[in-house]
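Tertiary structure, described
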Amino acid sequence: MRRVWVTGAGVLSPIGNGYEEFARGCLAGRSGIGPITLFDASTFRHRIAGEVKGFSAEALREAYPGVRRIRDRKVLLGLAAVEQAVRHAGLERSEVAGERSGVVLGVGLDVVLVDDIEGPAEDVEGAIGRRLGGLLASDDGWDRLIPTDTTPRWAAARWGIRGPCLANVGACAAGAQALGHALRLIREGEADLVLAGGTDSMVHPMGIGGFGLLGALSPRNDPPEEAIRPFDVSRDGTVLGEGAAVLVLEEAERARARGARPLAVLLGYGATLDAHAVTDPDPSGAGAVGAIRAALEDAGVPPEAVDYVSAHGTGTPKNDVVETAAIRAALGRRASSVPVSALKSMTGHLVAAAGAVEALSCVVAFDRRCVPPTIHLRHPDPACDLDYVPGRAQPWDGVVALSNSFGFGGQNAVLVLARPEVRDAEGRGGSAVGGGFLDPGRGSS
Amino acid sequence: MSPDALLATVAARLACAEAGLSRGPGRAVADERIGAYVACGIGAAGWRELVPVFRESLDEDGRLSLALLGARGLRRCNPLFAFQVLQNMALCFLSIEESIRGDHLALAPWDGAGAAAFGSARSALLARRVDAALACGTSAMAGIQGTFWLASHGLLASPGLRPRPFESSSGGLVPADGAAAVILERVEDARARGRRPLALLRGVAQEWSATASFAASCDPAAVRRVAGRALAAAGMEPRHLEAVVVSASGHAAADRSEAEGLGSLVDRPVQIVVPGGRLGALFAAGPAAAVVLVAGALAARAPLPAVLEPGRLPADFPLRAAPPRPLDGPTLVMACGPGGGVSALVLEAAG
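Here, residues in each chain are numbered from 1, in the same order as that chain's written sequence. Here the convention is simple: chains get letters from A, ligands get numbers from 1, in the order in which they are written. Only residues with pLDDT of 70 or above have their local features reported here, since the model is predicted, and side-chain atom pairs are shown and tallied only from 80 upward, although totals for entire chains, interfaces and linings are computed over all residues. Hydrogens are left out, water is left out, and the side-chain values use all remaining heavy atoms of the structure.

1. Thoughts on the overall build of chain B
Using the following cut-off: What counts as a helix is a DSSP run of H or I of at least four residues, what counts as a strand is a run of E of at least two, and both are numbered from the N terminus. Computation of the radius of gyration draws on C-alpha atoms alone. For the globule rule, the value is 2.2 Å times the number of residues to the power 0.38. Buried, partly exposed and exposed residues are distinguished by accessible area as a fraction of the type maximum, computed with a 1.4 Å probe on protein chains only: under 20%, between the cut-offs, and over 50%, respectively. Contact criterion: two residues are considered in contact whenever any of their non-hydrogen atoms come within 4.5 Å of each other.
In terms of regular secondary structure, chain B is built from 12 helices and nine strands. Computed over its C-alpha atoms, the radius of gyration of chain B comes to 21 Å, within 12% of the 20 Å expected for a compact globule of 351 residues. In terms of overall dimensions, chain B has C-alpha extents of about 70 × 55 × 30 Å along its principal axes. Expressed as a percentage of the 351 residues in chain B, the buried residues total 60%. Sequence-distant contacts in chain B: of pairs separated by 6 or more residues, those separated by 24 or more amount to 80%.

2. Remarks on the overall build of chain A
Put simply, the rule is: Each accessible area is a Shrake-Rupley result for a 1.4 Å probe, and residues are judged covered by the shown protein chains and nothing else.
Regarding its fold elements, chain A presents 12 helices and 15 strands. Put simply, chain A has 445 residues, and 69% of those count as buried. For chain A, long-range pairs separated by at least 24 residues make up 77% of all intrachain contacts whose partners lie at least 6 apart in sequence. Carbon and sulfur atoms form 50% of the exposed surface of chain A, whose accessible area is close to 13,400 Å².

3. Thoughts on the packing of helix 9 (residues 286-299) of chain A against helix 10 (residues 317-331) of chain A
Residue and element names in this part refer to chain A. Applied cut-off: Angles shown run from 0 to 180 degrees and are taken between the N-to-C directions of axes, each axis being a line fitted to C-alpha atoms and, for helices, limited to the stretch in contact. Angles are sorted into four bins: roughly parallel if under 35 degrees, roughly antiparallel if over 145, roughly perpendicular if 65 to 115, and oblique for all others. A clockwise turn of the near helix away from the far one marks a right-handed crossing, whereas an anticlockwise turn of less than a right angle marks a left-handed crossing.
Interhelical geometry of helix 9 versus helix 10 gives an angle of 40 degrees and a closest axis separation of 8 Å. Viewed along their axes, helix 9 and helix 10 adopt a mutual orientation that is oblique. At the point where helix 9 passes helix 10, the crossing takes the right-handed sense. In this structure, helix 9 contributes Ala288, Val289, Ile292, Arg293 and Leu296 to the contact, and helix 10 contributes Ala326, Ile327, Ala329, Ala330 and Leu331.

4. Topic: helix 5 (residues 89-98) of chain B
Where burial is concerned, most of helix 5 of chain B is hidden: nine out of the 10 residues are buried. The first or second residue beyond helix 5 of chain B is B:Ser99, which carries a positive phi of 50 degrees.

5. Description of the packing of aromatic side chains
Formally: Aromatic contacts are taken between Phe, Tyr and Trp rings whose centres are within 6.5 Å, Trp giving its six-membered ring; a plane angle under 30 degrees counts as stacked, one over 60 as edge-to-face, and the others as tilted. Lysine NZ or arginine CZ positioned within 6 Å of the ring centre and within 35 degrees of the ring normal marks a charge as sitting over the ring.
Counted by the stated rule, this structure contains eight aromatic pairs over all chains. Aromatic pair A:Phe408 and B:Phe83: ring centres 5.4 Å apart, planes at 85 degrees, arrangement edge-to-face. Residue A:Phe408 is found in the loop between strand 14 (400-407) and strand 15 (411-418), and its partner B:Phe83 is found in helix 4 (residues 81-85); the two belong to separate chains. When its relative accessible area of 17% is taken as the criterion, A:Phe408 is described as buried. On the accessibility criterion, B:Phe83 (4% relative accessible area) is buried. In textbook terms, an aromatic cluster arises when at least three aromatic residues are bridged by ring pairs, as seen for A:Phe211, A:Phe408 and B:Phe83. Above the face of the A:Trp159 ring, A:Arg158 is positioned so that its terminal group lies 4.3 Å from the ring centre.

6. Let's talk about a nonpolar patch on the surface
Heads up, the rule is: Exposure above 30% relative accessible area and the absence of a salt bridge qualify a residue for a patch, where like charges join within 9 Å and nonpolar side chains (Val, Leu, Ile, Met, Phe, Trp, Tyr) within 5 Å. One side-chain nitrogen of Lys or Arg within 4 Å of one carboxyl oxygen of Asp or Glu is enough to make a salt bridge.
Together, B:Met1, B:Leu6, B:Val10 and B:Leu14 make up an exposed nonpolar region whose accessible area comes to about 380 Å². On the basis of relative accessible area, B:Leu6 is assigned to the partly exposed category, the value being 44%.

7. Observations concerning the interface of chain B and chain A
To be explicit about the condition: Take the accessible area each of two parts loses on contact, using a 1.4 Å probe, and add the two losses: that sum is the buried area. Polar contact is defined as a pair of N or O atoms within 3.5 Å, subject to the rule that within protein one atom must be able to donate a hydrogen and the other to accept it, and that residues adjacent in sequence are counted only when both atoms are side-chain atoms. In the scheme used here, Gly and all other residues not listed as nonpolar or charged are polar, with Ala, Val, Leu, Ile, Met, Phe, Trp, Tyr, Cys and Pro taken as nonpolar and Asp, Glu, Lys and Arg as charged. We call two strands paired when DSSP finds no fewer than two bridges between them.
Counting residues at the interface gives 70 residues for chain B and 69 residues for chain A. Between chain B and chain A lies a buried interface of about 6,100 Å² when both sides are counted; carbon and sulfur atoms form 67% of it. Inspection of the region where chain B meets chain A yields four salt bridges. Here B:Arg129 and A:Glu188 are joined by a salt bridge, their closest N and O atoms 2.6 Å apart. Here chain B and chain A share 17 residue pairs in polar contact (both at pLDDT 80 or more) between them. In the side of chain B that touches chain A, the residues fall into 43 nonpolar, 18 polar and nine charged. As paired strands, strand 6 (residues 165-168) of chain A and strand 2 (residues 104-108) of chain B are joined by two bridges and run antiparallel to one another. Looking at the pairing, A:Asn168 lines up with B:Leu107 of strand 2 of chain B.

8. Here we look at the domain arrangement of chain B
All names here are of chain B. To keep it simple, the criterion reads: Each domain span listed reflects an automatic or database assignment of domains.
Domain boundaries in chain B define domain 1 (3-47 + 81-191) and domain 2 (197-349). Taken over C-alpha atoms, the centre of domain 1 sits 19 Å from the centre of domain 2. Each side of the interface is counted separately: domain 1 has 42 residues, and domain 2 has 42 residues. The interface formed by domain 1 and domain 2 includes zero salt bridges. Applying the counting rule to domain 1 against domain 2 returns six residue pairs in polar contact (both at pLDDT 80 or more). Where the side of domain 1 that touches domain 2 is concerned, the elements lending two or more residues are helix 6 (111-126), strand 3 (132-140), strand 4 (177-185) and helix 8 (187-192). Sort the elements by how many residues they give to the side of domain 1 that touches domain 2 and helix 6 lands first, with eight residues.

9. Remarks on the environment of A:Glu297
With respect to the helices, strands and loops of the structure, A:Glu297 is situated in helix 9. Separated by 28 residues in the primary sequence, A:Glu297 and A:Tyr269 have C-alpha atoms spaced 8.7 Å apart.

10. Regarding the nonpolar core
Our working definition: By nonpolar core is meant a set of buried Ala, Val, Leu, Ile, Met, Phe, Trp, Tyr and Cys residues that side-chain atoms within 4.5 Å join together.
The biggest cluster of nonpolar side chains holds 196 residues, and the ones touching the most others in it are A:Phe211, A:Leu249 and B:Leu134. Top contributing element to this core by residue count: helix 12 (residues 354-368) of chain A, with 10 residues. Viewed by domain, this core spans two of them, domain 1 (3-47 + 81-191) and domain 2 (197-349) of chain B, each represented by three or more residues. Apart from the residues lying within four places of it in its own chain, the contact partners of A:Phe211 are A:Leu109, A:Met202, A:Met206, A:Ala216, A:Leu217, A:Leu240, A:Phe408, B:Ala82 and B:Leu86. Counting residues in each nonpolar core, the second largest holds 38 residues, with A:Ala260, A:Val265, A:Ala291 and A:Ala418 among its members.

11. With respect to the packing of helix 2 (residues 73-88) of chain A against helix 5 (residues 150-159) of chain A
Residue and element names in this part refer to chain A. Look at helix 2 against helix 5: their axes get within 9 Å of each other, and the N-to-C directions meet at 35 degrees. Pair helix 2 / helix 5 crosses with right-handed handedness. From helix 2, Lys74, Val75, Gly78, Leu79, Val82, Glu83 and Val86 reach across to helix 5, where they touch Thr150, Thr151, Trp154, Ala155, Arg158 and Trp159. Of the residues belonging to the contact of helix 2 with helix 5, the class tally is seven nonpolar, three polar and three charged.

12. Focus on the pattern of salt bridges
If charged atoms from side chains of opposite charge come close, those side chains can pair. Applying the stated criterion across every chain yields a total of 52 salt bridges over all chains. Residues A:Arg369 and A:Asp397 are paired through a salt bridge, measuring 2.1 Å at the closest nitrogen-oxygen approach. With A:Arg369 in the loop between helix 12 and strand 12 (370-371) and A:Asp397 in the loop between strand 13 (394-395) and strand 14, this pair connects stretches of sequence that are 28 residues apart. B:Asp131 serves as the salt-bridge partner of B:Arg186, at 2.5 Å between the closest nitrogen and oxygen. Residue B:Arg186 is located in the loop between strand 4 and helix 8, and its partner B:Asp131 is located in the loop between helix 6 and strand 3; the two are separated by 55 residues in the primary sequence. What makes B:Arg186 buried here is its relative accessible area of 8%.

13. Quick look at unusual backbone geometry
Each neighbour pair has its own omega, and for A:Asp222 with A:Pro223 the value is -5 degrees, a cis peptide bond. When you line up the elements, A:Pro223 lands in the loop between helix 7 (205-213) and strand 8 (242-251). B:Ala108 connects to B:Pro109 through a cis peptide bond whose omega is -5 degrees. The residue B:Pro109 is located in the loop between strand 2 and helix 6 in this model. Even without being a glycine, B:Phe283 presents a positive backbone phi close to 50 degrees.

14. Some details on helix 1 (residues 3-18) of chain B
Residue and element names in this part refer to chain B. Stated precisely, the cut-off is as follows: Every helix has an expected span of 1.5 Å times one less than the residues it contains.
In a regular helix each residue adds 1.5 Å, so 16 residues correspond to 22 Å; helix 1 covers 23 Å between its end C-alpha atoms and thus fits that length. Considered for burial, the residues of helix 1 that qualify are Asp4, Ala5, Ala8, Thr9, Ala11, Ala12, Ala15 and Cys16. Buried positions along helix 1 lie against helix 5, strand 3 and strand 4. Looking one or two residues beyond helix 1, the residue adopting positive phi is Gly20, at roughly 70 degrees.

This is the structure:
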């Protein structure tokens, strides 16, 4: 079976931009949540978010001249993550270009830009129409009307990629699903290299306002950094954020041939549908359990070999209980001894980017031999009874990590990643093994 | 439910019923072993839902005020507004309605995503991740948002024009709403449960043109390569083809490119089927709609609709057209839409 290495990563997140800063942010246990600065949210019920700090699109202008006309943050963040990832992997354009390479990105929903609206109060529909009509006649009209696939398409054009160029719209699971889809494309011979991940920014008026109406957001605006409390008994909702993570996935032999160093091995992927309700997870957790089991089976890894779980951990009352039960059901006795952490306690919910950013936090765990904490977990919910790594990062020398993503609408996606030093059945380094897993849970060999 | 989600849900229900896989006790394939691979359109519901919200949020000068939006406008918003614009809702609603619980994918927004849904469904079956796969496309581009998007890129036909693929008077695309879905199964599994396949999906190939331009015409060389690869995957050659379903929908340059690419590969007369002339541009739903047309015609040995009459084509048309007749041979379905994707699917009678 063709194996898939992670050979590079780019990331912009509320806790750090670029792999090194993000890795430090993951393990520092500090919150990236703060008051919204990207628009005036002073009269909104929810006034906090996980914003990406210190980001400027200026650096993208040379590679992507069109960005000067783009206001949609998710496009800009996604392109910046692509640029970082390719550089981080040490790839030249000639090594990326061609029909054997692809781009698969989870992307957020179409943005409604409220400053496009103006006109007389008695005729709002007409005002919307006139405003848009006027934009069409203007030079900068098109940048208000950005198709969903803009980020992967621009990235493909920039790097000469002619293989799969896809926008995954799996909402909160999109980033993980994009990585899983890319894994399959490489493993099944459709591609040799895929830039995969997710990008989103929900920090705009209708993102914050619309999700607030669903009752999914914490109303605790002050202090903002303590609003999201996954697995805590006092949790009362999630906090939206923005970010992007792109991983360079390569077929292992090809990567080895060019002298690339694996950051991790992407071993398996499982996806299921709850088929229950668009608003709530299935309380039975059957879909989540099924996704974990499918991912482990796909990876050829038994439940007792799992050493760490990066939880979906949204901080909503329902998710955290269902997810805890699902981890217990899928991992059995192993669940009690596996650290489980919720990166969202620090980043907020990055929606379409969340699965990719959280998968990258597993890479960080391998790299730094330390798992990220779940912060602001002071009084665990009695129904949430796992080791959630409260407060501080924890030294860790495990081999196999799960990354859970459970999306609105009942989309469940789980990734299995492994430490790269694990040796396979033939004794070759730099790969973990499906079907011939050795020395589970004992660290690198 | 947004229009694209509603259309997808109805199409999925019809497809499951047609395949004898309606939800309920005694279903021949377990819910967990049915996958759903859905190509979704752009968010279709946004503006109309927001009219009362923004009406409540305009200041005395008629400008939208964020302060008013936060203070009172959002109170007028449908509490489930987010579900109107999340594009995965087409997948989620149809999974709930049809109790589909297996592997899945939601892609967007153009024809290439529609064809990729078929490629992913086929791969899932071959890898035995699922035992039945719903491949679905849905699009609701005829609304205000889709119309403006297409117009902003100069792709929209003038008001009042009908779609005129391959005609010198073609003035652009006419966006359409629609959804289509089919159930794919491994042939041996379908036959084992007593079903007669409508058609065989023999090959899928895709390529992207690596251009940043949204409105780019497809590259004729890519059309030739991709169609050739799909045929090779099916173990066929161009001479075996009886019909080609083109994706041409009235964008003159794109239509011409597609015909040139196919003409450089297929050198004998074939039935040329142009559903876009009847249906308009279905984008993400286009490939699934074409597959439904072809599968139905192959199963019934019936003529395809919208076949070009040889005598009506210009002398320099790159493809040679065969007259309409009942379909019983291999058929190529092309998908070349905005976004630079070029895709080809090969279908054949089930025998």
